[in-house]
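Chain by chain, the residues:
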Amino acid sequence: MRYYNYLYLALIAAFLISCSGNGVDKASQSITEDGIKEYIAVLASDDFQGRFPGTLGEEKTIHYLSEQFSSLGLLPGNGDSYFQEVPLMKITPETDFTLNISGKKGSLTLQYGPDFIGGTPTPTEKVNISGSDVIFVGYGINAPEYQWNDYEGLDVRGKTVVMLVNDPGYATQDSALFTGNAMTYYGRWVYKYEEAARQGAAAAILVHETKAASYPWGVVENSFKGTKFYLTSDPITKSELLLQSWITNDNARKLFQMAGLDFDATTQMAAQRGFKPIEMKLKASASYSNRVEYMSSNNVIALLPGSSRKDEYIIYTAHWDHLGVNPALKGDSIFNGALDNASGTAALLEIAKAFKSLGKVQDRSVLFMSVTCEEQGLLGSHYYAENPIYPLNKTVAVINMDALNIFGRTHDMAISGYGYNELDDYAKAVIESKGRYIVGDSRPESGGYYRSDHFSFAKVGVPSINISFGSDNVEHGKEWAETTLLKWIMDNYHKPSDNYEPETWKFDGMVEDVQVYFELGYKLSTTDHFPNWREGTFYKPIRDAMMK
Ligand SMILES: [Zn+2]
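Keep in mind it's a predicted model, so treat the numbers as computed, not measured.

Concerning the overall build of the protein
Helix and strand counts for the protein stand at 17 helices and 21 strands. Against the 2.2 N^0.38 benchmark of 24 Å for 548 residues, the protein shows a C-alpha radius of gyration of 23 Å, consistent with a compact globule. Along the first, second and third principal axes, the C-alpha atoms of the protein reach 75 × 50 × 50 Å. The buried share among the 548 residues of the protein stands at 59%.

Next up, the structure:
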């Protein structure tokens, strides 16, 4: 349901009239291609070693960022420090173990890497899963608000659950199930493992499917192979889950065949109401050892104090971390993460610079937060949201930037989770003032809303927005833009080839988008309004409770 507060729409209009011609336009124009390029070139350089948490790459990155903030004249955001330490548990499984499934019709030996990827989220040095009963739990979802529980009446303690990615709404494209095509949080792997752990499962096997996950198997391999990080405060680290794993679709089909089940028919059934979990009459075994270490990484936080409303905050977020180096790879082994997310981090610095170049100090304070461990499951932003340095009920809005536009100017920009909160209206006003337009998430089925740091703030009730680049390319049109983006994702997303390529990247669209982020934050910093979530969203009651 949409809810508009006409008073503040009027205020936005008044604001737009009042600000034209003052220092904002000039500050916005100070955001340039050269400025952004300079930052990306450093952050995505081989010298920064793929910016992996806890490595020399982190040290270089966070020092570079704090030095830039300091030289721009921003204050340390955490007392006298630019850093917020994030306590982590680091678990590194041996990577040559096998997952064995056996049944009456034979057995299947799955090899770590090509066949499956996984590990335990618990600090267990020697894992031994032996003959654990395998049970197919459909989508592995327990969602009271959608009257759906794949675990109903089931005791999976000590068992191995097999489940599918995404959710029944996506699978059936039925708008009456969950949220239809758009992925709910229940469709994300993070949720599925959490739920399996809450249910007491010993192992969880997630069946990979490129379309439903929206990325190919290679992304699973590159993103989740080997070391995984957890917040030491995460309940899953205290669970009994000894293996959380992804298996390839081909192997899943073999597994179903061994159980005498037709894969397509069974998985289709799992998306229908009334589906009952199926005992597969198979046993799962795996034994492997882990190296468990405790360490910390850092969020980098800089403060630009406001004037008349300086105890109220606008936060910009952009994750600095990426995937590091994989020495086992031949050729290019550094995951430079130029687009993901040196680009967003560069924008953070460029926007800080623009705020500093305003003729006068803005009313509300602005925080520039470059968070860690986004690639490990939004850990840095999650940690901040649970351990905020500034009160959440004084935090007006979060604007997240993750992977900016390298394909040229677009007429549109896309808001993931469009319609969730009133930040949409502010964004719309800014974007339309530039003769451009807003669209919703172009691929809501990929669950983009849950896949970057704005979601950590949404989860605790703080209105947050993630505006991605549009697909209505000024020069080449929509079809070209969509094909080009998909190709980019398949070729480069979470691969060593996400390199900084100033020769082929186009920066004109990026600059225009970053100007939008700046003006949106500026606009929010000058009003006294607290935008809220819209009626009927999961997040509104949480916000309302903290604002009382
Ligand atoms: Zn990212």
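Some words on the domain arrangement of the protein
Split by domain assignment, the protein resolves into domain 1 (6–71 + 305–547) and domain 2 (91–292). Centre-to-centre, using C-alpha coordinates, domain 1 lies 32 Å away from domain 2. Together, the buried faces of domain 1 and domain 2 total about 2000 Å²; carbon and sulfur atoms form 63% of this surface. By the criterion of area lost to domain 2, the three top residues of domain 1 are Gln 376, Glu 445 and Tyr 450, representing 28% of everything that side buries. Here domain 1 and domain 2 share zero salt bridges between them. One can count seven residue pairs in polar contact (both at pLDDT 80 or more) joining domain 1 with domain 2. Put simply, the parts of the chain that give the side of domain 1 that touches domain 2 at least two residues each are α12 (379–386) and α14 (454–459). Considered class by class, the residues forming the side of domain 1 that touches domain 2 number 11 nonpolar, five polar and five charged.

Re the environment of Asp 491
On the secondary structure map, Asp 491 appears in helix α15 (residues 477–492). A residue is classified by how much of its surface remains accessible, and Asp 491, at 34% relative accessible area, is partly exposed. At 2.5 Å, the side chain of Asp 491 forms a polar contact with the side chain of Lys 487.

Digging into the nonpolar core
Where a protein is soluble and globular, its nonpolar side chains tend to be buried together. Ranked by size, the top nonpolar core spans 150 residues in total, and within it Phe 69 and Phe 368 carry the most contacts. Here this core gets 11 residues from one element, more than from any other, and that element is helix α11 (residues 338–356). If you count residues domain by domain, this core takes at least three from each of domain 1 (6–71 + 305–547) and domain 2 (91–292). The contacts of Phe 368, once residues within four sequence positions are left out, are Phe 69, Leu 74, Val 300, Ile 301, Ala 302, Leu 304, Tyr 316, Leu 348, Ile 351, Ala 352 and Phe 355. One finds Met 369, Ala 385, Tyr 390 and Val 460 within the second-largest nonpolar core, a separate group that totals 16 residues.

Overview of the coordination of the zinc ion
For the zinc ion, the protein coordination sphere consists of His 319 (NE2), Asp 340 (OD), Asp 402 (OD) and Asp 402 (OD), at 2.0 to 2.6 Å. The site at the zinc ion holds four donor atoms, and with the angles between them running 53 to 149°, its shape is irregular. Read in sequence order, the donor residues coordinating the zinc ion give the pattern H-x20-D-x61-D. Note that Asp 340 is positioned in helix α11 and Asp 402 in the loop between β18 (395–400) and β19 (412–416), a separation of 62 residues in sequence. Residue class for Asp 402 comes out buried when judged on its relative accessible area of 19%.

A short note on the pairing of strand β9 (residues 160–164)
A large share of β9 lies buried, amounting to five of its five residues. Here β9 shows two buried faces, one formed by Thr 160, Val 162 and Leu 164 and the other by Val 161 and Met 163. Bridge analysis of β9 against strand β10 (residues 203–207) gives five bridges, and the strand direction is parallel. By the bridge assignment, Thr 160 is partnered in β10 with Ala 203.

What to know about the environment of Ala 338
Position of Ala 338 among the secondary structure elements: in helix α11. Judged by its relative accessible area of 0%, Ala 338 falls in the buried class. Separated by 119 residues in the primary sequence, Ala 338 and Val 219 have C-alpha atoms spaced 16 Å apart. If we ignore the near neighbours within four places in the chain, the residues touching Ala 338 are Ile 40, Ala 44, Ser 343, Asp 498, Asn 499, Tyr 500 and Trp 505.

Thresholds applied
Residues numbered from 1 in each chain as written. Predicted model: local features only at pLDDT ≥ 70, side-chain atom pairs only at ≥ 80, totals over all residues. Heavy atoms only, no water. Helix = DSSP H or I, 4+ residues; strand = E, 2+ residues; numbered from the N terminus. Rg over C-alpha atoms; globule rule 2.2 N^0.38 Å. Buried < 20%, exposed > 50% of the residue type's maximum accessible area, 1.4 Å probe, protein only. Domains from an automatic or database assignment. Buried area = accessible area lost by both parts, 1.4 Å probe. Salt bridge = Lys/Arg side-chain N within 4 Å of Asp/Glu carboxyl O. Polar contact = N/O pair within 3.5 Å; in protein donor to acceptor, adjacent residues only side chain to side chain. Nonpolar A, V, L, I, M, F, W, Y, C, P; charged D, E, K, R; others polar. Core = buried A, V, L, I, M, F, W, Y, C linked by side-chain atoms within 4.5 Å. Contact = heavy atoms within 4.5 Å. Donors = N, O, S within 2.8 Å, 3.2 Å for Na, K, Ca; no water. Tetrahedral: all angles 85-135°; square planar, octahedral: opposite > 155°, others 65-115°. Pairing = 2+ DSSP bridges.

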